[in-house]
Amino acid sequence: MSNGVRYEKSGHVAVVTLDRPEVLNAMDLRMHQELAQVWDDFEADDDMWVAVLTGAGTRAFSVGQDLKELAERVRAGSAGTATFGSRGKPGWPRLTERFDLTKPVVAKVRGYAMGGGFELALACDIVIASADATFALPEARLGLMAGAGGVFRLTRQLPWRSAMGHLLTGRPMTARRAFELGLVNEVVPADELDACVDGWVADILRCAPLSVRAIKEAATKSVTMPLETAFSTRFVWEERRMHSSDAVEGPLAFVEKREPRWRGR
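Rules used in this analysis
- Residues numbered from 1 in each chain as written.
- Predicted model: local features only at pLDDT ≥ 70, side-chain atom pairs only at ≥ 80, totals over all residues.
- Heavy atoms only, no water.
- 1 Å grid on protein atoms, 1.4 Å probe; cavity = no way out; pocket = protein on both sides within 12 Å on 5 of 7 lines; lining within 4 Å.
- Points joined across faces, edges and corners; volume = space filled by probe spheres on them.
- Helix = DSSP H or I, 4+ residues; strand = E, 2+ residues; numbered from the N terminus.
- Nonpolar A, V, L, I, M, F, W, Y, C, P; charged D, E, K, R; others polar.
- Buried < 20%, exposed > 50% of the residue type's maximum accessible area, 1.4 Å probe, protein only.
- Contact = heavy atoms within 4.5 Å.
- Patch = residues over 30% accessible without salt bridge, like charges linked within 9 Å, V, L, I, M, F, W, Y side chains within 5 Å.
- Areas by Shrake-Rupley, 256 points an atom, 1.4 Å probe, with all protein chains shown as cover.
- Salt bridge = Lys/Arg side-chain N within 4 Å of Asp/Glu carboxyl O.
- Core = buried A, V, L, I, M, F, W, Y, C linked by side-chain atoms within 4.5 Å.
- Pairing = 2+ DSSP bridges.

Caption draft 1: Just empty space enclosed by the protein, in detail. Taken as a whole and assessed by the stated rule, the structure comprises 1 cavity of 30 Å³ or more. Estimates place the volume of the largest cavity at around 40 Å³. Taken together, the elements giving at least two residues each to the lining of the largest cavity come down to helix H7 (193–206) and helix H8 (209–222). The class makeup of the residues in the lining of the largest cavity is 7 nonpolar, no polar and no charged.

And the structure:
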């Protein structure tokens, strides 16, 4: 990848780093194109079981859309209009619209997670934040829309009035407040952030990868279903898990008092 995105693999873990620290990891169109390639590769690589998404430097996870680039496109008359989603734009489908991505993604957030940066975190499965993290969707203050899912996900992931309070004012929330509201799984001092995320990733890797994928798919697909419908639905990754060798390996390893050897098949 270029200096816009770093993509590193180690064992079964992919680390995706938004790498424009000089502009607080603001996302330009080129970065979105690179991220699409990254997520395509992560999804296709059977050896990758979990991803960690983070921002370079100590000041920001990401402050969202590169507004300087947007202003230049507005002046040039090439900006067009923007609303929900990224279809037809560079990098589609972006992480915020990869509804069929069943591998888990962990957000490691330090500093500012604003606008599109916050929307990326909202699209992740587990969010770990440093105590100095700040979250906000300030789009209303800019005449814009939290169109990468912020207006949809925040109202699903928070109590209604808490969500509307932040959406309608653009007010920020601290990491501690985000934790209290259930948006963040854990808040730790900045110097403990890496170790904390490593611990969560290690716990995910202790689990059978097909079980993890089946659980994520069933949870996300069923959330809008009536309970009776959910029970009678056949999910793609659950079908694969239930017929896998790992589904046999787990109980055998438990009875034999040894660590399971997951194969992902």
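Caption draft 2: Quick peek at the side chain of serine 86. Inspection of the secondary structure assignment puts serine 86 in the loop between helix H2 (67–76) and strand E5 (105–109). Serine 86 gets classed as buried once you look at its relative accessible area, which sits at 2%. Sequence-distant contacts of serine 86, defined by excluding residues within four places in its chain, comprise Trp92, Pro93, Arg94 and Glu97.

Caption draft 3: Structural context of a nonpolar patch on the surface. A cluster of nonpolar side chains, namely Leu67, Leu142 and Leu144, defines an oily patch on the protein surface of about 250 Å² accessible area. Topologically, leucine 144 is positioned in the loop between strand E8 (134–136) and helix H4 (150–157). Leucine 144 sits in the partly exposed class, given a relative accessible area of 36%.

Caption draft 4: Main features of the nonpolar core. Ranked by internal contacts, the top residues of the largest apolar core, which has 43 residues, are Trp39, Leu53, Val109, Phe135, Leu154 and Leu183. Elements supplying a minimum of two residues to this core: strand E2 (13–18), helix H1 (29–44), strand E3 (50–55), E5, helix H3 (116–122), strand E7 (126–130), helix H5 (160–169) and helix H6 (175–180). Among the elements that line this core, the one with the most residues is H1, at 5 residues. If sequence neighbours within four positions are ignored, leucine 183 has contacts with Phe118, Leu122, Val127, Leu154, Gln157, Leu158, Met173 and Ala178. With 12 residues, the next largest nonpolar core counts Val188, Leu193, Val197 and Val201 among its residues.

Caption draft 5: Up close: unusual backbone geometry. Omega for the peptide link from tryptophan 92 to proline 93 comes to -5°, which places this bond in the cis form. Tracing the chain through its elements places proline 93 in the loop between H2 and E5. Notably, leucine 24 is not glycine yet its phi reads approximately 55°, a positive angle. Residue placement: leucine 24 occurs in the loop between E2 and H1. Among the residues examined, leucine 24 registers a relative accessible area of 17% and is labelled buried. Unusually for a residue other than glycine, asparagine 25 sits at a positive phi of about 60°.

Caption draft 6: Layout of the sheet that holds E8. With mixed pairing, the 4 strands of this open sheet are ordered in space as E4-E6-E8-E9. At either end of the open sheet lies a strand with only one pairing partner, and these are strand E4 (60–62) and strand E9 (173–174). In this sheet, strand E6 (residues 112–114) lies alongside E4 in parallel orientation, the contact comprising 2 bridges. The residue of E6 that forms the bridge with alanine 60 is tyrosine 112.

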